[in-house]
Amino acid sequence: MTEPTVLTVFVAAMITALATGLGAIPFFFVKHMRRWWLGIANAIASGVMLTASFNLLQEALSAPGAIQRTVLGMSLGLVLVLASHRFLADRNDGAEPLAIGALRGKDALEALLIVGVMTAHSFTEGAAVGVAYGSGETLGRLLTTTIALHNVPEGLAISLVLVPRGVSAWRAAGWSIFSSLPQPLMAVPAFIFVQLFHPMLPVGLGFAAGAMLWVVFGELVPDANAECKPHTVAFVVTASCAAMLAVQGLLR
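Being a predicted model, the structure only gives us computed values, none of them experimental.

Rules used throughout
- Residues numbered from 1 in each chain as written.
- Predicted model: local features only at pLDDT ≥ 70, side-chain atom pairs only at ≥ 80, totals over all residues.
- Heavy atoms only, no water.
- Core = buried A, V, L, I, M, F, W, Y, C linked by side-chain atoms within 4.5 Å.
- Buried < 20%, exposed > 50% of the residue type's maximum accessible area, 1.4 Å probe, protein only.
- Helix = DSSP H or I, 4+ residues; strand = E, 2+ residues; numbered from the N terminus.
- Contact = heavy atoms within 4.5 Å.
- Axes fitted to C-alpha atoms, helices over the stretch in contact; angles between N-to-C directions.
- Left-handed = near helix turned anticlockwise from the far one by under 90°.
- Nonpolar A, V, L, I, M, F, W, Y, C, P; charged D, E, K, R; others polar.
- Patch = residues over 30% accessible without salt bridge, like charges linked within 9 Å, V, L, I, M, F, W, Y side chains within 5 Å.
- Areas by Shrake-Rupley, 256 points an atom, 1.4 Å probe, with all protein chains shown as cover.
- Salt bridge = Lys/Arg side-chain N within 4 Å of Asp/Glu carboxyl O.
- Phe/Tyr/Trp six-rings, centres within 6.5 Å; stacked < 30°, edge-to-face > 60°.

Colleague: How should the nonpolar core be read in this particular structure?
Modeller: Inside soluble globular proteins, nonpolar side chains tend to come together where they are buried. Judged by nonpolar contacts, the single largest core of 49 residues is most densely connected at Met49, Val81, Met118, Met212 and Val215. For this core, the secondary-structure elements that each account for two or more residues are helix H2 (35–61), helix H4 (105–134), helix H5 (137–162), helix H6 (169–180), helix H9 (201–227) and helix H10 (230–251). The greatest single-element share of this core, amounting to twelve residues, is contributed by H9. What Met49 contacts, discounting residues up to four positions off in sequence, is Ile114, Met118, Ala157, Met212, Val215, Val216 and Leu220. Ranked by size, the runner-up nonpolar core spans eleven residues in total, among them Val9, Ala132, Tyr133 and Leu143.

The following block contains the structure:
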């Protein structure tokens, strides 16, 4: 088997980024949602992101002696996303509310938070692809396939937040792909400097997990409870977690 090249790594990571856009496909067939469905969508997105967070932590802790680095990453992710939320919330309270395209105010704030968190954690996934290819093409292809499959529900989570708030399915797909563009950008330097990036992966994975957990419990679940009964939200979050785990089991 030939040795992987920089071009091979870049193309592989770009495929994982494009796969994120597939998560928006269901919304090409669903045009309008009542407020109750907005709560359900937030609950499903919460379950998807919770499962993704657990997967990131499991991967981070698989490295020897990685507990401290993972905890450090989680702490950094929590602090950064909380600081970002407060900064954006302060801006949103001003005379001119935060605006992103057709979104205004709190909807724009939540859209920016989830896209920002997903984009931040894509840096780590890109580095992971590069490190894997640095260890051989077989491992690189395996991890590329895994991350590409993992990115589809991440695109779904982004679309579940954006589309019910008035963003078109095409734009949701575009934002989903945008959130994963750091993957091809980070894969190449990680492939070239594999020994430098490898020890930092638990920090990056922990960072992404900590940020995601805050978004779930600080934004998505409270918003879901505002539109649906708490028991309904709890059921949907748990069911979506179980469904994600079942899909992952089938893909292994």
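What follows continues from the structure just given.
Colleague: I'm lost on the packing of helix H1 (residues 6–20) against helix H7 (residues 182–192) in this one. Help?
Modeller: When two helices pack together, their arrangement is given by the angle between the helix axes and the distance between those axes. Where H1 meets H7, the closest approach of the two axes is 8 Å, and the angle between their N-to-C directions is 150°. Handedness of the H1/H7 crossing: right-handed. Seen from H1, the contacting residues are Val6, Val9, Phe10, Ala13, Met14, Thr16 and Ala17; seen from H7, they are Gln183, Pro184, Ala187, Val188, Phe191 and Ile192. Split by residue class, the contact of H1 with H7 holds eleven nonpolar, two polar and no charged.

Colleague: When you look at the environment of Phe193 in this model, what are you seeing that I'm missing?
Modeller: If you trace the backbone, Phe193 turns up in the loop between H7 and helix H8 (194–197). As for Phe193 and Ala127, which are separated by 66 residues in sequence, their C-alpha atoms are 10.0 Å apart.

Colleague: Can you help me understand a nonpolar patch on the surface in this one?
Modeller: A surface patch of nonpolar side chains, about 400 Å² in accessible area, is lined by Val6, Ile192, Phe193 and Leu196. Relative to the assigned elements, Ile192 resides in helix H7.

Colleague: Help me understand the packing of aromatic side chains in this model?
Modeller: Any pair of aromatic rings gets described here by the distance separating the centres and the angle formed by the planes. Per the counting criterion, the structure on display carries two aromatic pairs. A centroid spacing of 4.8 Å and a plane angle of 75° characterise the contact between Phe28 and Trp170, whose relative ring orientation is edge-to-face. With Phe28 in the loop between H1 and H2 and Trp170 in helix H6, this residue pair connects regions lying 142 residues apart in the sequence. We classify Phe28 as partly exposed; its relative accessible area is 25%. Owing to a relative accessible area of 68%, Trp170 belongs among the exposed residues under this scheme. A ring pair is formed by Trp175 and Phe178, whose centres lie 5.5 Å apart and whose planes are at 85°; its orientation type is edge-to-face. Placement of the pair is Trp175 and Phe178 together in helix H6, with a separation of three residues, close to one helical turn. Residue class for Phe178 comes out partly exposed when judged on its relative accessible area of 43%.

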